[in-house]
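Structural description and commentary
Below, each chain spelled out in residue letters.
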Amino acid sequence: MDHFLYKDGVLHAEDVSLAEIAAAVGTPVYVYSTATLLRHFHLFDDALAGMDHLVCYAMKANSNQAVLRTLAQAGAGMDVVSGGEYRRAKAAGVSGDKIVFSGVGKTREEIELALTGGIRQFNVESEPEMLLLDQVARELGKVAPITIRVNPDVDAKTHAKIATGKSENKFGIPIARAREVYAMAAKLPGLEIIGIDVHIGSQLTDLAPFEQAYGKVAELTEVLRADGHNIRRLDLGGGLGIPYERSNTAPPLPTDYGAMVQRTLGHLDCEVEIEPGRLIAGNAGVLVSEVIYLKSGEGRDFLILDAAMNDLIRPAMYDAWHDIVPLNEPAPGAEPRPVDIVGPVCESGDTFAKQRMMPTLGSGDLVAFRSAGAYGAVMSSEYNSRPLIPEVLVNGDQFAVIRPRPSFDEMINRDTIPEWL
Ligand SMILES: *Cc1c(COP(=O)(O)O)cnc(C)c1O
C-alpha cells in the first residue's frame, strides 16, 4: 500500500497534487511520500515486535538526507556499504551504534572512518578483510564488533544481477567453511564476534528461499555456540520484494516475513537485525515525467518522455517493469492502446516499456512511474549531459525540494580544463 492515489481525477502524493509539484519544480522529478516510508518501516518494526530487533534501512536504495532523517527519527538503524554512505548516515543524525557496515570491498580508509566514528558492527565478507579489520582496530586501540557474512548457497529465484546467495556469487564466505573462519576470527584480538550475517538477494517474491537460508543460519548458530562462540545477534539481510506490476504480483508482506523469522529463529534467543531497502523506499516514490512527443513509427507508436535511462536505469539494467500511469485519471471507458514508452537518450536500451497499454496521451501530458523510490535516483547519472533530476518529499499537504536540479553551468563547471589547452 502507498499514498499515491487519484483525488478529483489527478494523481496525488498524500494530499499534494503531483501536477502541482511538476508545475513548481519541473519534470522529470522524483517525488517521495513520508507516510509510505514510515508505514513500511513500522510494518517491519511491528512484525518483529516479539523479538529484540533493529530494522537497519539499507540506504543504498535511496540515500537522500531527508529520507534518512525521516527514517532515523522513527528509530531506524542504517545498513551502509561505503564510506560515503556512512558519512551520509552520520550527517542525517544516525549514531554510530545504529550503523551496520556491509560490502565486499571495505577499504582501510572506510574501516578507519567507521571505527573512529562508531559502528554497531562490521559484516565481514572475506578472510583478507577480517585480517585488515583486526590490524586497523589494533592500531587504533579499538575492538571491532563483527558478524561474518555466510553464503548459504540458496537460490533466491530473482534477477541474476541481484542474486547474492549462491556459491558462485562474490558475497560472503561459503557456509561450509564458517566454523573454520569463526575459529580464526576468535584468535584475532582486534575483533569481537557478535553474530552471523546473511543476505541472499533482492526483489525476492517468495519466502521459501529466506526460510531455507535462515534455517541454515539457525543450525550454524547452534554449531558455533557449541564451538564456544558467543553468537547473540543475527543479521538477516534485506531483499523482500515489492509488487512492481500490481495487476499480477503480490509478494509476501512484512508481517508474513516477520512471522517466518520468529518461527525459524525465535528459539535462539538472539537479537535480530534486518536490512530492508527496496520494501521501505520502493513504493514510497514515483518518477513524474512529461510526454515530449507521440511519434508514429512503422506499425507501432512511441511515447517519448523527458525522463530517460539515466534518470531511472532499472528497466534497461534489470529488465524491470514499472507501472506507468497518467497523472490525469483516464475517463471511464477510455480505450487503452499499445505504445512503446521511451526516453530521449541515444540508445535503444532507453526503453521503459514495450507495447504497454496506455490511454491516449500526447505532448505536454504527464505520467508517473510507480515504485520508483528505490534504486531510482541513487542510480541516476548525467549521461547525455542531462543534469541529475530533482527530488521532492511530501508530508501531508506540504512538499519540499530535497535535492535541487543542478543548473547546466553547475554541471559543466565541475569539469576543469588543463592549462595546456
Ligand atoms: C542491497 C542490500 C540490502 C537491501 O536489499 P533490498 O532488496 O533493497 O531490501 C540489504 N543488505 C545488503 C547487504 C545489501 O547488499
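Above this text sits the structure in question.
An account of the accompanying structure is given in this report. (Residues numbered from 1 in each chain as written. Predicted model: local features only at pLDDT ≥ 70, side-chain atom pairs only at ≥ 80, totals over all residues. Heavy atoms only, no water.)

Topic: the overall build of the protein
Rules: Think of it this way: any DSSP run of H or I at least four residues long counts as a helix, any run of E at least two long counts as a strand, and we number them from the N terminus. For a compact globule the rule gives 2.2 Å times the number of residues to the power 0.38, and the radius of gyration it is set against comes from C-alpha atoms. Here's how the labels work: a residue is buried when its accessible area is under 20% of the maximum for its type, exposed when over 50%, partly exposed in between, all with a 1.4 Å probe on protein chains only. Contact definition: two residues touch when any of their heavy atoms are within 4.5 Å. Where accessible areas are quoted, they stem from the Shrake-Rupley method and a 1.4 Å probe; at the residue level, only the protein chains shown are allowed to cover. Charge convention: Lys and Arg are scored as positive, Asp and Glu as negative, and His as well as the terminal groups of each chain are ignored. Note that the charge is assigned to NZ on lysines, CZ on arginines, CG on aspartates and CD on glutamates.
What the protein contains, in helices and strands, is 12 helices and 21 strands. Computed over C-alpha atoms, the radius of gyration of the protein comes to 23 Å, within 12% of the 22 Å expected from 2.2 N^0.38 for 421 residues, which places it in the range of a compact globule. If you line up the protein on its principal axes, its C-alpha atoms span 70 × 60 × 40 Å. Buried residues in the protein amount to 55% of all 421 residues. Put simply, of all contacts in the protein between residues at least 6 apart along the chain, 70% involve residues at least 24 apart. By element, 52% of the accessible surface of the protein is carried by carbon and sulfur atoms, the whole surface being about 17,700 Å². Here the protein contributes 39 positively and 57 negatively charged side chains, and the mean placements of these two sets differ by 3 Å.

Side note on the layout of surface pockets
The method is simple in principle: a probe with the dimensions of a water molecule rolls over the atoms, and the space it marks as empty is what remains. As a reminder of what qualifies: As defined here, a cavity is a set of points on a 1 Å grid over the protein atoms alone where a 1.4 Å probe fits but cannot get out. A pocket is an open set with protein on both sides within 12 Å along at least five of seven lines, and residues line them when an atom is within 4 Å of a point. Grid points are joined across faces, edges and corners, and a volume is the space filled by probe spheres set on the points. Three classes are used: nonpolar for Ala, Val, Leu, Ile, Met, Phe, Trp, Tyr, Cys and Pro, charged for Asp, Glu, Lys and Arg, and polar for all others, with Gly counted as polar.
Volume-wise, the largest pocket comes out at about 580 Å³. Lining the largest pocket are 30 residues, and of these Lys60, Thr164, Phe171, His199 and Tyr375 sit closest to its centre. Of the residues that constitute the lining of the largest pocket, the class distribution is 11 nonpolar, 10 polar and nine charged. The calculated volume of the second largest pocket comes to roughly 260 Å³. Forming the walls of the second largest pocket are 15 residues, and the residues nearest its centre are Met1, His40, Pro243, Leu253 and Asn283. With three residues, the top contributor of residues to the lining of the second largest pocket is helix 2 (residues 34-47). Looking at the lining of the second largest pocket residue by residue, the classes come out as nine nonpolar, three polar and three charged.

Describing the pairing of strand 4 (residues 29-33)
Note on strand geometry: in a regular strand, side chains alternate between the two faces of the sheet. What counts here: The pairing criterion is simple: DSSP has to find at least two bridges between the two strands.
Counting buried residues along strand 4, five of its five residues qualify, which places the element largely inside the surrounding structure. With burial as the criterion, each face of strand 4 is covered, one bearing Val29, Val31 and Ser33 and the other bearing Tyr30 and Tyr32. Direction of pairing for strand 4 relative to strand 14 (residues 285-296): antiparallel, over a ladder of four bridges. Within the sheet, the bridge partner assigned to tyrosine 32 lies in strand 14 and is glycine 285. Bridging between strand 4 and strand 20 (residues 391-395) involves four bridges; their strand directions are parallel. Within the sheet, the bridge partner assigned to tyrosine 30 lies in strand 20 and is glutamate 391.

Section: the site of the ligand
Our working rule: Only a single heavy atom is needed: when it lies within 4 Å of a molecule or strand, its residue is near that molecule or strand. Each polar contact in these results corresponds to two N or O atoms within 3.5 Å; when the atoms are within protein, one needs to be able to donate a hydrogen and the other to accept it, and residues that are neighboring in sequence are counted only if both atoms are side-chain atoms. In this description, a molecule resides in a pocket or cavity if more than half of its atoms sit within 2 Å of the grid points defining it.
Near the ligand there are 15 residues, and of these Lys60, Ser202, Glu275, Arg278 and Tyr375 occur at the shortest range. One nitrogen or oxygen atom from the main chain of arginine 278 is found 2.7 Å from an oxygen atom belonging to the ligand. Considered on its own, the ligand offers 390 Å² of accessible surface; in the complex 93% of this is hidden by protein. If you map the ligand onto the pockets, it falls in the largest pocket. Along the lines of polarity and charge, the residues of the shell around the ligand split into three nonpolar, seven polar and five charged.

Concerning the sheet that holds strand 2 (residues 10-13)
Ordered in space as 1-2-3, the three strands form an open sheet in which the pairing is antiparallel. Only two strands of the sheet have a single neighbouring strand rather than two, namely strand 1 (4-7) and strand 3 (16-17). The sheet contact formed by strand 2 and strand 3 spans two bridges and is antiparallel. Each bridged residue has a counterpart across the sheet, and for histidine 12 the counterpart in strand 3 is serine 17.

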